[in-house]
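Structural characterization, general
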Amino acid sequence: MPRQPEAPWPLRTGPFHRQAAYELGMTRHHLAAHCWARLFRDVFVHQEVELTAQRRLDALRLAAPDGAALVGRSAAWLFGIWTPPPGTLVPMEIALPTGGRRFDQRGVQAHRLVFDEGDLDDWDGVAVTTPERTCFGLMTRSSPTGAVVWADCFLHHDLVTAAGLRRYADERPSWPHVRKVRDAVARARAGAASPMETRLRLIIVDGGLPEPPLLNQPIYDANGRFLGVPDLGYDPPPFGIEYDGAYHEDAQQRAADNRRENGLLIADFPLLRYGRYDVYNSPGRIVAEVRAMLNKAG
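Cut-off values and rules
Residues numbered from 1 in each chain as written. Predicted model: local features only at pLDDT ≥ 70, side-chain atom pairs only at ≥ 80, totals over all residues. Heavy atoms only, no water. Helix = DSSP H or I, 4+ residues; strand = E, 2+ residues; numbered from the N terminus. Rg over C-alpha atoms; globule rule 2.2 N^0.38 Å. Buried < 20%, exposed > 50% of the residue type's maximum accessible area, 1.4 Å probe, protein only. Contact = heavy atoms within 4.5 Å. Areas by Shrake-Rupley, 256 points an atom, 1.4 Å probe, with all protein chains shown as cover. Pairing = 2+ DSSP bridges. Axes fitted to C-alpha atoms, helices over the stretch in contact; angles between N-to-C directions. Phe/Tyr/Trp six-rings, centres within 6.5 Å; stacked < 30°, edge-to-face > 60°. Lys NZ or Arg CZ within 6 Å of the ring centre and 35° of its normal. Salt bridge = Lys/Arg side-chain N within 4 Å of Asp/Glu carboxyl O. Parallel < 35°, antiparallel > 145°, perpendicular 65-115°, else oblique. Nonpolar A, V, L, I, M, F, W, Y, C, P; charged D, E, K, R; others polar. Arc of directions from axis to C-beta. Patch = residues over 30% accessible without salt bridge, like charges linked within 9 Å, V, L, I, M, F, W, Y side chains within 5 Å. Lys, Arg positive; Asp, Glu negative; His and termini not counted. Charge placed at Lys NZ, Arg CZ, Asp CG, Glu CD.

1. Notes on the overall build of the chain
Helix and strand counts for the chain come out as 12 helices and 14 strands. Relative to its length of 298 residues, the chain is extended, with a C-alpha radius of gyration of 25 Å against a globular reference of 19 Å. Along the three orthogonal principal directions, the C-alpha set of the chain runs to about 85 × 50 × 35 Å. Relative to its 298 residues, the chain shows a buried fraction of 46%. Taking the contacts inside the chain whose residues are at least 6 apart along the sequence as the reference set, 54% of them involve residues at least 24 apart. Put simply, the chain shows about 16,000 Å² of open surface, and 51% of that area lies on carbon and sulfur atoms.

2. Let's talk about the sheet that holds strand 2 (residues 36-40)
With antiparallel pairing, 3 strands are arranged side by side in an open sheet as 1-3-2. Where the open sheet ends on each side, the last strands, each with one partner, are strand 1 (16-17) and strand 2. For strand 2 and strand 3 (residues 43-46), the ladder comprises 4 bridges, and the chain directions are antiparallel. Bridge pairing links Arg38 to Phe44 in strand 3. Across the sheet, helix 3 (residues 53-63) is in contact with strand 1, strand 2 and strand 3; its angle to strand 2 comes to roughly 65°.

3. Let's talk about the packing of aromatic side chains
Applying the stated rule across the entire model yields 11 aromatic pairs. Here the aromatic rings of Phe40 and Phe103 are separated by 6.5 Å at their centres, their planes lie at 45°, and the arrangement is tilted. Taken together, the positions of Phe40 in strand 2 and Phe103 in the loop between strand 5 (92-96) and strand 6 (108-112) put the pair 63 residues apart, joining distant regions of the chain. Phe103 shares its class with Phe40; the two are buried. Every member of this aromatic cluster is reached through a ring pair, and the members are Phe79, Trp123, Trp150 and Phe154. Directly above the aromatic system of Tyr168 lies the positively charged group of Arg172, at a separation of 3.5 Å from the ring centroid. Just above the ring of Trp175 sits the side chain of Arg172; from NZ or CZ to the centre is 5.3 Å.

4. Some words on the pattern of salt bridges
Here the structure, examined in full by the defined rule, presents 20 salt bridges. Of the charged contacts in the structure, one is a salt bridge between Arg201 and Asp152, with a shortest N-O distance of 3.0 Å. Highlighted residues: Arg201 in helix 9 (residues 195-206) and Asp152 in helix 6 (residues 144-156), separated in sequence by 49 residues. Each member of the pair Arg201 and Asp152 is classed as buried.

5. A few points about the packing of helix 5 (residues 131-140) against helix 8 (residues 178-187)
Remark: helix 5 packs on helix 8, axes separated minimally by 9 Å, with the N-to-C direction vectors making an angle of 110°. Here helix 5 lies roughly perpendicular to helix 8, going by the angle between them. Each of Phe136, Met139 and Thr140 in helix 5 lies in contact with helix 8, whose residues at this interface are Val178, Lys180, Val181, Ala184 and Val185. In the contact of helix 5 with helix 8, the residues fall into 6 nonpolar, 1 polar and 1 charged.

6. Here's the deal with helix 3
Turning to helix 3, its buried residues number three or more, namely Arg56, Leu57, Ala59, Leu60 and Ala63. Taken end-on, helix 3 shows its buried residues confined to a sector of 160°, consistent with a single buried face. Along its buried surface, helix 3 packs onto strand 2, strand 3, strand 4 (69-70), helix 4 (72-78), strand 5 and strand 6.

7. Regarding a positive patch on the surface
Together, Arg38, Arg41, Arg101 and Arg106 give the surface a local cluster of positive charge. Within the fold, Arg38 resides in strand 2. Judged by its relative accessible area of 55%, Arg38 is exposed.

8. Concerning the environment of Val126
Note on placement: Val126 falls in strand 8 (residues 126-129). Separated by 68 residues in the primary sequence, Val126 and Asp58 place their C-alpha atoms 9.2 Å from one another. The residues contacting Val126, other than those within four sequence positions of it, are Arg61, Leu70, Leu78 and Asp121.

9. Thoughts on the environment of Arg179
You can see Arg179 is positioned in helix 8. Here Arg179 falls in the exposed class, since its relative accessible area comes to 64%. Sequence spacing of Arg179 and Ala169 is 10 residues, and the spatial spacing of their C-alpha atoms is 8.0 Å.

10. A few points about the side chain of Glu132
Note on placement: Glu132 falls in helix 5. What Glu132 contacts, discounting residues up to four positions off in sequence, is Val160, Gly164, Leu165, Arg167 and Tyr168.

Okay, here's the thing in structure tokens:
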């Protein structure tokens, strides 16, 4: 058996295709050594390379057939507007042109999609569905609430416009779930900065209360001093509604939250605070408490 050669440096910096290894004098027997990990059928990586989300994407680009494009949450991650929950990987979702060869690889969701002219874009050298098509696709695959969450997210990052999403839906009246997309766009707001803020807002509106007019808008005291940026708010009566994510459990963040909340209270702008458990388990209480605050102004 031939002696295992030293791993060529170009192959130790990231994923590579089998052909690139052959061009550097490697053979299939060399690639079977324990120092190489096979990510896809013909794509490998050295065991010392950290498999970040970007490197997993690079590996997928090497393995995917011509004409493949990133779609769904993979595209949303590439746009920089979505990250997976802690402890989970960025999903690898691609779309293949109809009539082309299949792509069955572990860990990859491969869809057959028909693309209209203008549906594909190049994002830093990666073939991907446009933000408008990506958002539309994610909305069709989500619950009614989830569709609004995706619309809010793309609107907040200025990747789409509400008018553009409506136009895209109106031009495809026979596509599945297009009515859900239209309804979600009608309920979307660009000011929501996180999915849970959107869910909190929808609980309030679906509970029969007025749409919160303030979304991540700065609050100042009577002297013009900046006090903070509540997630949601009403004025009148002046009060805010805050969603506390996991990062609020940090001691320094908690101290900053206290300073902000104290300043808002001094300026007669109290805060209602809610967390993940409240949003998913106590929507009725949220509506009742917001209604009570609104009733203070008659």
